[in-house]
Amino acid sequence: MTLSRRSVLASSAAAGAAVATGGITAPAALAASPAILKPTPADLFHDYGTNAEMRWDSVDPRTYLTDQARLFVRNHTVTPTIDRSTWRLRVYGDGLATPRTSTDALSLSWDDLRALPRTTHESVHECTGNGRSFFATQQGQTVSGTSWKLGSVGTVVWEGVRLRDLLRRIGIAADAVSIQATGLDPSYVTGGVDYGPVRRPFPVSKALDDAILAWGANGRPLLPDHGYPLRLVLPGWVGIGSIKWLGSLEVARTELTSPWNTKWYRLTGGSYPADSPPLTVNPVRSAFELAFGASLPAGRSVTLTGRSWSGAAPIRRVDVSLDGGTTWQRAELDGQDAHRHRHGHPAVRGHGWTQWSVRWKRPAAGSYQLLARATDRAGRQQPLATPVNDNGYFFDAVVRHPVTVA
Ligand SMILES: Nc1nc2c(c(=O)[nH]1)N[C@H]1C(S)=C(S)[C@@H](COP(=O)(O)O)O[C@H]1N2
Ligand SMILES: [Mo]
């Protein structure tokens, strides 16, 4: 076992929280341990305890990728401290060419993984609940979950190995259909129920397409909060699919399940049927690089900047309204691949978000709502309202961004 509760406790002690003595993990001490280990200063993050989101008004339009120091954190429990030298990835299941039980799992070390061919892949990394707060503030609907604004998203160039390269070396059965990824963080307990470790199954087809076992982000090793030493990345899919602190992969010839694809991360309530499928590809969304309620000087022209993104494809166009949706203009898009050359890795696969700008000419004093509406190259356009669902997933409607000109 490589997950060090002692380290979690040590950091809680360092933070001046309750200290466990005699090796007993007192629940109070665990509860008081910080869920997130990296600094989340108030000028860069909105803090929700175990979760933290990037502030869009802290995003520099000259920077394309999201540094891990600024990337949102979504933890069901707490960030564990893992020793890479004793860490192992266990692989088992009846979907392997040579079936293995959990107790007889293949055990891969850090060095085993580093010996595989390396890859880099750019993707929009985003929580399913991003934008959730707008169900309430914009549509007057009550949903449960963290009240994210639009900052539980980032664009990251992941570095690691293709899952398909690993699976081909191990050998999987021709009729394998499902893979369950399980994290090494503590079990998730809520409402008095212990749901076990965070885990979610995904189709073998995604594994053989672009799934990555990532040890790096934007050229740096993963930070503990983002899955060190190794996380799964399912590019373009709901964040929950990208299991952090990866401990095991079960490959099966039958559909695997977990509460993270049966109970959560599917659309329930509202007008959705009871059998709506587990969520996969992220929708289209947009944000201004501006504070909510920002104040702008009257009579002075200003360039407004923002970004749009989609789990399915790059962005094709962005329409912006500066008057609450009465009139619209096309935003100017940054060259789709320009950033890659600027950042010196033209060979990167995948796609991130698209930066855009609009010029606002000498606005008069008053209150305004700014709107940005994107369309991706798969033909998906942001709607003006999102049908409500119980857990407030996939708020993809155009957000009305208030500003004051004075
Ligand atoms: N083991 C584990 N993996 C996890 C989670 C978690 O709590 N535990 N949270 C998931 C969710 S809901 C999201 S949105 C992403 C967040 O990744 P990040 O914190 O690196 O931004 O990780 C996913 N993987
Ligand atoms: Mo998430």
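Remember, it's a predicted structure, so these values are computed and weren't measured experimentally.

**A look at the sheet that holds strand β18 (residues 302-310)**
Now for step 1: Reading across from one edge, β16-β18-β23-β21 is the order of the 4 strands in this open sheet, with antiparallel pairing throughout. Strand pairing shows two members of the sheet lacking a second neighbour, β16 (284-288) and β21 (332-333), which therefore form its edges.
Now for step 2: In this sheet, strand β23 (residues 354-360) lies alongside β21 in antiparallel orientation, the contact comprising 2 bridges. If you follow E332 over to β23, its bridge partner there is S357.

**Let's talk about the packing of aromatic side chains**
Any aromatic ring pair is given by two values, namely how distant the centres are and how the planes are angled relative to each other.
Now for step 1: Within this structure, the stated rule accounts for 17 aromatic pairs.
Now for step 2: Centre to centre, the rings of W110 and W215 are 5.9 Å apart; their planes meet at 65 degrees, and the pair counts as edge-to-face. Within this pair, whereas W110 is found in helix α3 (residues 110-114), its partner W215 is found in strand β12 (residues 212-217), the two being separated by 105 residues in sequence. Grouping residues by exposure puts W110 and W215 together as buried.
Now for step 3: Centre to centre, the rings of W309 and W353 are 6.0 Å apart; their planes meet at 65 degrees, and the pair counts as edge-to-face. Taken together, the positions of W309 in strand β18 and W353 in the loop between β22 (349-351) and β23 put the pair 44 residues apart, joining distant regions of the chain.
Now for step 4: Ring pairing ties together the aromatic residues F134, F135, F292 and F395, which thus form one cluster.
Now for step 5: Lying over the aromatic face of W215, R114 brings its terminal NZ or CZ to 4.3 Å of the ring centre.

**Notes on the site of ligand 1**
Now for step 1: Taken together, the neighbourhood of ligand 1 is formed by 20 residues, with F72, D185, H226, R231 and K244 sitting nearest.
Now for step 2: Contacts to ligand 1 include H76, whose backbone N or O atom sits 2.8 Å from an oxygen atom.
Now for step 3: In this structure, an oxygen atom belonging to ligand 1 sits 2.7 Å away from a side-chain N or O atom of H226.
Now for step 4: Starting from 540 Å² of accessible surface for ligand 1 in isolation, the protein chains cover 100%.

**Things to note about the nonpolar core**
Now for step 1: Of all hydrophobic cores here, the largest spans 44 residues; its most connected members are L89, L163, F202, L213, L232 and L246.
Now for step 2: Within the residue set of this core, elements represented by two or more residues are β4 (89-92), α3, α5 (163-170), β8 (178-183), α6 (204-209), β12 and β15 (246-252).
Now for step 3: Residue contacts for L232: discarding those within four places in its chain leaves L163, A181, F202, A211, I212, L213, G241, S242, I243 and L246.

**Overview of the pattern of salt bridges**
Now for step 1: Within the structure shown, the criterion is met by 10 salt bridges.
Now for step 2: Between D57 and R55 there is a salt bridge; the shortest N-O distance is 3.0 Å.
Now for step 3: The salt bridge partner of D60 is R62, with a shortest N-O separation of 2.9 Å.

**A short note on the sheet that holds strand β25 (residues 401-405)**
Now for step 1: Pairing is mixed across the open sheet formed by 5 strands, whose spatial order is β17-β25-β24-β19-β20. Lying at the two open borders of the sheet, with one neighbouring strand each, are β17 (294-296) and β20 (329-330).
Now for step 2: One ladder, built from 3 bridges, connects β17 with β25; its direction is parallel. Each bridged residue has a counterpart across the sheet, and for A294 the counterpart in β25 is V403.

**Overview of the pairing of strand β19 (residues 315-321)**
Now for step 1: Within β19, 5 of the 7 residues are buried, which leaves it mostly tucked inside the rest of the structure.
Now for step 2: Pairing of β19 with β20, which is carried by 2 bridges, proceeds in the antiparallel orientation. Along β20, the bridge assignment pairs V320 with Q329.

**As for the side chain of S109**
Now for step 1: Mapped onto the secondary structure, S109 falls in the loop between β5 (106-108) and α3.
Now for step 2: Taking the relative accessible area as the measure of exposure, S109 reaches 16% and is therefore buried.
Now for step 3: If we skip the residues at most four places from it in the chain, S109 touches W87 and R88.

**A few points about the confidence of the model for the chain**
Now for step 1: Averaged over the chain, the pLDDT score is 91; the fraction of residues at 70 or greater is 89%.
Now for step 2: Within the chain, no element has a lower average pLDDT than helix α1 (residues 5-14), which sits at 34, and none a higher one than β15, at 99.
Now for step 3: Every residue in residues 1-31 scores below 50 in pLDDT, and together they form 43 contacts with partners more than four places removed in sequence or on other chains.

**Structural notes on unusual backbone geometry**
Residues apart from glycine generally show negative phi values, whereas peptide bonds are mostly found in trans.
Now for step 1: Of note, the bond from Y228 into P229 is cis; its omega dihedral lies within 30 degrees of zero at 5 degrees.
Now for step 2: Its place among the elements puts P229 in the loop between β13 (220-221) and β14 (231-233).
Now for step 3: Positive phi is not limited to glycine here, since Y265 has a value of about 60 degrees.
Now for step 4: Judged by its relative accessible area of 5%, Y265 falls in the buried class.
Now for step 5: You will see that R362, though not glycine, has its phi angle at about 40 degrees, which is positive.
Now for step 6: Mapped onto the elements, R362 comes out in the loop between β23 and β24 (366-376).

Parameters at a glance
- Residues numbered from 1 in each chain as written.
- Chains lettered and ligands numbered in written order.
- Predicted model: local features only at pLDDT ≥ 70, side-chain atom pairs only at ≥ 80, totals over all residues.
- Heavy atoms only, no water.
- Pairing = 2+ DSSP bridges.
- Helix = DSSP H or I, 4+ residues; strand = E, 2+ residues; numbered from the N terminus.
- Phe/Tyr/Trp six-rings, centres within 6.5 Å; stacked < 30°, edge-to-face > 60°.
- Buried < 20%, exposed > 50% of the residue type's maximum accessible area, 1.4 Å probe, protein only.
- Lys NZ or Arg CZ within 6 Å of the ring centre and 35° of its normal.
- Near = heavy atom within 4 Å.
- Polar contact = N/O pair within 3.5 Å; in protein donor to acceptor, adjacent residues only side chain to side chain.
- Areas by Shrake-Rupley, 256 points an atom, 1.4 Å probe, with all protein chains shown as cover.
- Core = buried A, V, L, I, M, F, W, Y, C linked by side-chain atoms within 4.5 Å.
- Contact = heavy atoms within 4.5 Å.
- Salt bridge = Lys/Arg side-chain N within 4 Å of Asp/Glu carboxyl O.
- pLDDT = per-residue confidence, 0-100.

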